[in-house]
Amino acid sequence: MKQQFKTNINCGNCVKTVSPFLNKLEEVDEWKVDTDNPNKILTVEGEDFTAEEIISAIKEAGYEGERVA
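A few points on the structure. (Residues numbered from 1 in each chain as written. Predicted model: local features only at pLDDT ≥ 70, side-chain atom pairs only at ≥ 80, totals over all residues. Heavy atoms only, no water.)

1. Topic: the overall build of the protein
Test applied: Think of it this way: any DSSP run of H or I at least four residues long counts as a helix, any run of E at least two long counts as a strand, and we number them from the N terminus. Only C-alpha atoms enter the radius of gyration; for comparison, a globular chain is expected to reach 2.2 Å times N to the power 0.38, where N is the number of residues.
The secondary structure content of the protein amounts to two helices and four strands. In sequence order, the protein lays out its α and β elements as β-α-β-β-α-β. For a compact globule of 69 residues, the expected C-alpha radius of gyration is about 11 Å, and the protein comes in at 11 Å, within 12% of that figure. Principal-axis analysis of the C-alpha atoms places the extent of the protein at approximately 25 × 25 × 15 Å.

Have a look at this one:
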């Protein structure tokens, strides 16, 4: 399963900050942030995770995120 989120994770240091929060989610196999995209799209791949879990992890790291339809 793959989901995408619009975020305000806009640089390499931001990615480093959010990494431990996303990496601790066992259901997530892989994730990346396209910091070149104006919407800073976070793409998450894995099994049985919910959008709420991802958004919660992003917020816990101090960033904002919303699911892209």
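2. What about the nonpolar core?
Applied cut-off: As used in this record, nonpolar core signifies buried Ala, Val, Leu, Ile, Met, Phe, Trp, Tyr and Cys residues forming a set joined through side-chain atoms within 4.5 Å. For each residue, the accessible area found with a 1.4 Å probe, counting protein chains only, is set against the maximum for its type, and the residue is called buried under 20%, exposed over 50%, and partly exposed in between. Contacts are residue-level and defined by heavy atoms, with any inter-residue pair within 4.5 Å sufficient.
Of all hydrophobic cores here, the largest spans 19 residues; its most connected members are Phe5, Ile9, Leu22, Trp31, Leu42, Val44 and Ile54. Elements represented by at least two residues in this core include exactly helix H1 (12-23), strand S2 (28-34), strand S3 (41-46) and helix H2 (51-60). Among the elements that take part in this core, H2 stands out by supplying five residues, more than any other. Residue contacts for leucine 22: discarding those within four places in its chain leaves Val28, Trp31, Leu42, Ile54 and Ala57.

3. Remarks on the pairing of S2
Just so we agree on the cut-off: Pairing between strands is defined by DSSP: at least two bridges between the two strands are required.
Pairing analysis gives six bridges linking S2 to S3, with the strands arranged antiparallel. Residue pairing across strands places aspartate 34 opposite isoleucine 41, the latter belonging to S3.

4. Focus: unusual backbone geometry
We note that lysine 40 has phi near 50°; this positive angle belongs to a residue other than glycine. Tracing the backbone through its elements, the reader meets lysine 40 in the loop between S2 and S3.

5. Considering the environment of phenylalanine 49
In this fold, phenylalanine 49 is placed in the loop between S3 and H2. Since its relative accessible area comes to 4%, phenylalanine 49 is described here as buried. Phenylalanine 49 sits 48 residues away from methionine 1 along the chain, and the two C-alpha atoms are 8.5 Å apart.

In short, shape yes, function no, at least from these values alone.
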